[in-house]
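Each chain, letter by letter, is given below.
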Amino acid sequence: MLEPDPNYFSSFVCSGEIFELKAELNSDKKEKKKEAVKKVIASMTVGKDVSALFPDVVNCMQTDNLELKKLVYLYLMNYAKSQPDMAIMAVNTFVKDCEDPNPLIRALAVRTMGCIRVDKITEYLCEPLRKCLKDEDPYVRKTAAVCVAKLHDINAQLVEDQGFLDTLKDLISDSNPMVVANAVAALSEIAESHPNSNLMDLNPQTINKLLTALNECTEWGQIFILDCLANYTPRDDRESQSICERVTPRLSHANSAVVLSAVKVLMKFMEMLPKDLDYYGTLLKKLAPPLVTLLSAEPELQYVALRNINLIVQRRPEILKHEMKVFFVKYNDPIYVKLEKLDIMIRLASQANIAQVLAELKEYATEVDVDFVRKAVRAIGRCAIKVEQSAERCVSTLLDLIQTKVNYVVQEAIVVIKDIFRKYPNKYESVIATLCENLDSLDEPEARAAMIWIVGEYAERIDNADELLESFLEGFHDESTQVQLQLLTAIVKLFLKKPTETQELVQQVLSLATQDSDNPDLRDRGYIYWRLLSTDPVAAKEVVLAEKPLISEETDLIEPTLLEELICHIGTLASVYHKPPSAFVEGSRGVQHKRLPGSTGLGESLESPDTGSAAGGSDAPPAVIPSQGDLLGDLLNLDLTPPATTGPPPPPTSGMQLGAMDLLGGGLDSLMGAGFGAAPAASPASFSAPVSGGLDDLFDLGGGVGMPMGAYNPPKTVWLPAMKGKGLEISGTFARRAGIIQMEMTLINKAMSVMTDFAIQFNRNSFGIAPAGPLQVLTPLSPNQTIEVALPLNTVGPVMKMDPLNNLQVAVKNNIDVFYFSCQYPISVLFVEDGKMERQVFLATWKDIPNDNESQFQIKDCHLNSDAASSKLQGSNIFTIAKRTVDGQDMLYQSMKLTNSIWVLAELRVQAGNPTYTVSIPLLLVESESSNVFLFQSQATKGKKGTLI
């Protein structure tokens, strides 16, 4: 190793310095030449420009002295970019050094060539690099492996054309573990910059080679290999267990980075292990000690470990549930470590250890560090909300802290007691008197707002509530917006509870909020309350005094899909920031989203426990319970009721079986129009009101004559209003184009912030409709911007009978939130292009279905003759098989085929001069034993022809 000499860095200040160095570099004496190069490097290091000496330094490359050669190569790496033409002079020496008998010189040459980022040199690098990749010395091979990644960064196409990537993959099978580690590191680097290249094509054989090398390579080599293993998805639980068993010894490594990388692999592969497996419990026990050991390191490492542990306990709290004491704060811990430990203590708090935790938190609340004390007091409140059995003890502890009269402690306690009131209403209101005693000491906006909320919410139990709120009103304009808004709402609540006593007070606050304030939020809320109170006091009471939802146990948990991604990035900056890499990695490199192997992808969904009964004919609409996919997270507890229709639902057909009604009531009636579901004897509904996707639309009843032929596409309707979408408005329709179903949407950003990271997921539905690809919103959606998006769909998704049958429940995610809505697709988009049945098969099938199973429906205001109607329907894949005329009435026999191979047969009667059409459809219901979805079959035809209606 070169020893630095301080004299080199301080002596060269004379004007003839460059000239003197030039003379020394061209000296015949080797020692003098080496000293001159050292002086050049020293000058370069302190920022002096010595590029004028480039040709003289390059001439010094022709030497056997390894120290001198290293210095010259260092100079070349620094100045080659500014002197590319001169750098080519060194190529011959590089090539020659790549064949030197000394492996150190061969490795040095190829390393330096890789670091010289000059396009002109890269083409000369290929041949030496190819030889070094197959060198007999492992040191040269491992250096060459890294050089491939550097060259790929300069010229990716050249690397691919020269076949270096294949050679790099071969090095994974190398006998030397360090070569394997460097090959994995190089491939991983290249794969990160090209996420879709699929370079790391991992298979069980490759994984076995990596695990073998894992035991023998250096600690950083182990990290590269472990990170690569984390990107592999095992085939089954047996393979997952086998990998875990071979990775587990890395947990006892001295390097904390190796330990965290091993934890990452085990956390990911545990997802595939059955929880009832003995090894699963053993693995949980093995994960705790290394994580605890990390907390004995220096504070900076402790903080990194704690940030990672925070993620781990959110995903698997059982790993550290018995290790609460290690997270107790020490007196000499830095504040950032204290706060992180406190957070983890709350996450691990349970009924078993809550007494221990509360005793610690009470002790922390008497510390001298104000920020820490505040966090400790808030933690007591979080314990009360999380562990119901401890709530009373927590409230008692908070009251004790209030009695200390320490200002900031009192204020934090009032803030958390407000949350406890929201979690346990009408349970701990006896403490309100104690809180009111401290009213005068409150000077922080959040504490004042919390106290005002408590007074307004429980005004009927506080005798002097009006006096208390009036005291706040005196300095209304000096208060923060948070306090002003809370005071306005509290006084309106008080007025609704005690109208006769507080009329003057409410008029005063409404006047202050609407006439004397320039805050638009406050003014708008004031006007809303004023108009509610003046027009409909009953409605005002229902709105303002409505029952409030209970607050959740954990309000600061990381969103499930983000947590999954962060677990896959344990040991990286993402796990410290608690943000995905895409949030802070800049540049052109694509960042690939990762997920745990147990998670399902977009478009998939987990079946609810009640799904079976719902699909079997239950009247309750099926609930959307998708999986925690890589983007949409947990979609439990959704309110996805179908959108309201423009008219009353069609009355049920008398004598028709329930299953057939489900099909017609939810699907074909919308195809045929509002009158389709009417009983034959009843007068069908008029078509004056638009019905989305109806047969009247297929006939273009509202469009007039002369419209272009082809499949009918309903106009777009608003699916997600901006009010429900936090500024995102989605309008859409469905169309079938060139045999592909498309969901055509218009996205409008009516918010004030940019929207990005769009994704979409469907719930299970009657026909298995699912996105055929991701939602392509390629650019951020700026405020007031509108974009059109066409999402191709397929019908290979999971199936579940919906009510109505053509109902589709959708979740759309962006960087703001996940939004849910439901829409109905026209059944005609499911009619496939090969739906024309053979004439003989059609006639035989039609005759074999009993007349009792035939239902008739009428469509009014159709002014097309039979030929025009037939032609127009064919544009929507409704094919006329035969036509006959009886008593001046044209009878069209038609067939359609759905995407799930169900055939629909129909007879359309058209009378010249009569605008009313009659449609007859024969039906027979058969329930499939293998599915919860109703299938309709004809007794006459089964097998290759598909299912028939």
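Scroll up for the structure.
Residues numbered from 1 in each chain as written. Predicted model: local features only at pLDDT ≥ 70, side-chain atom pairs only at ≥ 80, totals over all residues. Heavy atoms only, no water.

Caption draft 1: The arrangement of the packing of helix 13 (residues 204-214) against helix 14 (residues 219-229) in detail. Helix 14 packs onto helix 13 with a crossing angle of 150° between their chain directions and a minimal axis gap of 10 Å. Here helix 13 lies roughly antiparallel to helix 14, going by the angle between them. Note on packing geometry: the crossing formed by helix 13 with helix 14 is left-handed. Residues Ile207, Leu210, Leu211, Ala213 and Leu214 of helix 13 form the contact with helix 14, whose own contacting residues are Gln222, Ile225, Leu226, Cys228 and Leu229. Grouping the amino acids of the contact of helix 13 with helix 14 by side-chain chemistry returns nine nonpolar, one polar and no charged. (Axes fitted to C-alpha atoms, helices over the stretch in contact; angles between N-to-C directions. Helix = DSSP H or I, 4+ residues; strand = E, 2+ residues; numbered from the N terminus. Parallel < 35°, antiparallel > 145°, perpendicular 65-115°, else oblique. Left-handed = near helix turned anticlockwise from the far one by under 90°. Contact = heavy atoms within 4.5 Å. Nonpolar A, V, L, I, M, F, W, Y, C, P; charged D, E, K, R; others polar.)

Caption draft 2: Main features of the sheet that holds strand 4 (residues 759-762). Read across the sheet, three strands follow the order 4-7-8 without closing on themselves; strand pairing throughout is antiparallel. Each edge of the open sheet is held by one strand with a lone partner, namely strand 4 and strand 8 (818-824). The average undirected angle you get between the axes of adjacent strands in this sheet is 25°. (Pairing = 2+ DSSP bridges.)

Caption draft 3: Spotlight on the sheet that holds strand 5 (residues 770-771). As summarised here, the arrangement of the five strands in space is 1-2-3-6-5, forming an open sheet in which the pairing is antiparallel. Lying at the two open borders of the sheet, with one neighbouring strand each, are strand 1 (717-720) and strand 5. Note: strand 3 (residues 740-749) against strand 6 (residues 786-794), eight bridges, orientation antiparallel. Bridge pairing links threonine 746 to glutamate 788 in strand 6.

Caption draft 4: Molecular detail of unusual backbone geometry. In the segment running from aspartate 803 into proline 804, the intervening peptide bond is cis, with an omega of 0°. Checked against the element boundaries, proline 804 lands in the loop between strand 6 and strand 7 (807-813). One non-glycine residue, lysine 726, adopts positive backbone phi at about 50°. With respect to the secondary-structure elements, lysine 726 resides in the loop between strand 1 and strand 2 (728-737). Not every positive phi belongs to a glycine, and serine 901 is a case in point at roughly 70°.

In short, geometric facts, not functional conclusions.
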